[in-house]
Amino acid sequence: MKKLFLIFCLLSTIQSDAQQVKNVLFLIGDGMGVSQIYAGLTANHGHLNLEKCQFIGFHRNQASNQYVTDSAAGATAFATGFQTYNSAIGVDSTKKPQVTLLELAEKKGLSTGLVTTCDITDATPSSFIAHQEKRSMHEEIAADFLKTDVDVFIGGGRKYFNQRKDGRNLVEELKTKNYEVVDNLQALKESKSLKLVGLLAEENPVKISEGRGEQLLESAQKAVSILEKNKNGFFAMIEGSQIDWGGHANDKDYVTNEMIDFDKVIGWAFSYADKHPETLVVITADHETGGMALLGGDFKTGKVEAKFITGGHTGQMIPVFSYGAHAKDFAGIYHNYDIFKKIKKALNL
Ligand code: MG
Ligand code: ZN
């Protein structure tokens, strides 16, 4: 029996290696270091969906100009394969625009999507689609969305599209490019459109504890239900943005609530990969936030005791969890910008 089981394990590993990757679900938990994960696991009474991952690696994430990265340099490294300076959006350390995974996927005929729980023009999602010198250039970043053929994007930040200093109304411009643009989750779910924009908040969507509900999971599911119609496959980046904000606020409950919310998407992504074996799921963070340490906890009650040492980010290595086709490629220790190369290779972009 034991032998049979070992053979089965070996075969399934070989299979996941040989399986061509058609779809990538790239899940980023902003500010999600090992402590944030384990705090979430503790608060969730000793369990996370993330535990089902198949391979684990670590990435080194220093920015080109600083030891401690921000989300812009972090996401730009993932998106373009270039180590760059803090605040850079889709540009390298010389401020030169570099092609992103999303753009390469589009060029290859795949469908693409971005889903987030912050402004869609915030650093993490925008690094996959925009090219600007500074992350604070929200209106310029919003305009960059119209230069692409992204199929779906969902998040907050409506005001950067329709209340702009330059007077342009990008919501109307998106409509002339055949996008349906909705401003609430219900309309998003009911949409039949194959080009869909959800600008679900004027600025940032609220915290999970303030009634965001299932917005992240349902937005991710809606996005993928559109993207999967393309027989060539898809690339989707889905971000749990506010784990980072819990860290900045040194608020352990904010961290654990957002972590558990993000973990729901992880559970769904794994089951999607089970049903669609040509799917690769990669889960990581850009950096750790808060220097969070766990000093105690109780799996029964879900109580977490934590301390933070900073209101900013830290420079520690960050875990990478992978599942499905080519998951094995993500074992080991490498740089954050190597994730670009690994996903590019897996999708044959
Ligand atoms: Mg972010
Ligand atoms: Zn941050």
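For the structure itself, look to the data block above.
Rules of the game
Residues numbered from 1 in each chain as written. Chains lettered and ligands numbered in written order. Predicted model: local features only at pLDDT ≥ 70, side-chain atom pairs only at ≥ 80, totals over all residues. Heavy atoms only, no water. Helix = DSSP H or I, 4+ residues; strand = E, 2+ residues; numbered from the N terminus. Buried < 20%, exposed > 50% of the residue type's maximum accessible area, 1.4 Å probe, protein only. Contact = heavy atoms within 4.5 Å. Areas by Shrake-Rupley, 256 points an atom, 1.4 Å probe, with all protein chains shown as cover. Lys, Arg positive; Asp, Glu negative; His and termini not counted. Charge placed at Lys NZ, Arg CZ, Asp CG, Glu CD. Donors = N, O, S within 2.8 Å, 3.2 Å for Na, K, Ca; no water. Tetrahedral: all angles 85-135°; square planar, octahedral: opposite > 155°, others 65-115°. Pairing = 2+ DSSP bridges. Axes fitted to C-alpha atoms, helices over the stretch in contact; angles between N-to-C directions.

## Topic: the overall build of the protein chain
Right, on to step 1. Scanning the protein chain for helices and strands turns up 13 helices and 14 strands.
Right, on to step 2. Dimensions of the protein chain, computed from the C-alpha atoms along their principal axes, are close to 65 × 45 × 45 Å.
Right, on to step 3. Every one of the 349 residues in the protein chain was classed for burial, and the buried ones make up 59%.
Right, on to step 4. Long-range pairs, those at least 24 residues apart, make up 72% of the contacts in the protein chain between residues at least 6 apart in sequence.
Right, on to step 5. When the accessible surface of the protein chain is summed, it comes to about 14,200 Å², and 53% of that surface belongs to carbon and sulfur atoms.
Right, on to step 6. In the protein chain, 38 side chains carry a positive charge and 42 a negative one; their mean positions are 5 Å apart.

## Remarks on the coordination of the magnesium ion (ligand 1)
Right, on to step 1. The coordination sphere of the magnesium ion (ligand 1) contains the protein donors Asp-30 (OD), Thr-124 (OG1) and Glu-239 (OE), at a distance range of 2.0 to 2.2 Å.
Right, on to step 2. Every donor residue of the magnesium ion (ligand 1) comes from the same chain, spaced as D-x93-T-x114-E. In this pair, Asp-30 is assigned in the loop between strand E1 (23–29) and helix H2 (34–43) and Glu-239 in strand E7 (residues 234–240), connecting sequence segments 209 residues apart. Taken individually, Asp-30 and Glu-239 each receive the classification buried, so the pair is uniform in this respect.

## Concerning the coordination of the zinc ion (ligand 2)
Right, on to step 1. Protein-derived ligands of the zinc ion (ligand 2) are Asp-244 (OD), Asp-244 (OD), His-248 (NE2) and His-313 (NE2), with the metal-ligand distances lying across 2.1 to 2.3 Å.
Right, on to step 2. Relative to the metal, the 4 donor atoms surrounding the zinc ion (ligand 2) lie at angles of 57 to 154 degrees, and the coordination shape comes out irregular.
Right, on to step 3. One chain supplies every donor for the zinc ion (ligand 2), spaced along it as D-x3-H-x64-H. Pair noted here: Asp-244 is in helix H11 (residues 243–248) and His-313 is in strand E12 (residues 313–314), with a separation of 69 residues, a long-range link.
Right, on to step 4. Given the relative accessible area of 4%, Asp-244 is considered buried.

## Observations regarding the pairing of strand E3 (residues 111–119)
Right, on to step 1. Extensive coverage of E3 is indicated by the burial of 9 of its 9 residues.
Right, on to step 2. With 5 bridges joining them, E3 and E7 adopt parallel strand pairing. What sits directly across from Ser-111, in E7, is Phe-234.
Right, on to step 3. In the sheet, E3 pairs with strand E4 (residues 152–156) via 4 bridges, with the strands oriented parallel.

## Observations regarding the sheet that holds E4
Right, on to step 1. What the 10 strands build is an open sheet, ordered E5-E6-E4-E3-E7-E1-E8-E13-E2-E14; its pairing is mixed. Two strands close off the open sheet at either side, each with one partner strand: strand E5 (180–182) and strand E14 (332–335). Strand-to-strand, the axes of this sheet are offset by a mean angle of 15 degrees, without reference to chain direction.
Right, on to step 2. As defined by bridge partners, E4 adjoins strand E6 (residues 196–199) across 4 bridges and the pair is classed as parallel.

## Quick notes on the environment of Gly-40
Right, on to step 1. One can find Gly-40 in helix H2.
Right, on to step 2. When the C-alpha atoms of Gly-40 and Lys-252 are compared, they prove to be 9.2 Å apart, with 212 residues separating the residues in sequence.
Right, on to step 3. Not counting chain neighbours up to four residues away, the residues in contact with Gly-40 comprise Leu-48, Thr-256, Met-259 and Ile-260.

## Observations concerning the environment of Phe-78
Right, on to step 1. Relative to the helices and strands, Phe-78 is located in helix H3 (residues 71–80).
Right, on to step 2. Here Phe-78 falls in the buried class, since its relative accessible area comes to 0%.
Right, on to step 3. Considered as a pair, Phe-78 and Lys-342 are 264 residues apart in the sequence and their alpha carbons are 9.8 Å apart.
Right, on to step 4. When sequence neighbours within four positions are dropped, the list of residues in contact with Phe-78 reads Phe-26, Ile-28, His-59, Leu-101, Phe-128, Thr-284, Ala-285, Asp-286, Asn-336, Ile-339 and Phe-340.

## Side note on the pairing of E7
Right, on to step 1. With 7 of 7 residues buried, E7 lies mostly within the body of the structure.
Right, on to step 2. The alternating pattern of E7 places Phe-234, Ala-236, Ile-238 and Gly-240 on one face and Phe-235, Met-237 and Glu-239 on the opposite face, and all of these are buried.
Right, on to step 3. Strand direction decides the pairing type here: E1 and E7, joined by 7 bridges, are parallel. Residue pairing in the sheet places Ile-28 in a bridge with Glu-239 of E7.

All quantities given are derived from atomic positions and should not be read as evidence of function.
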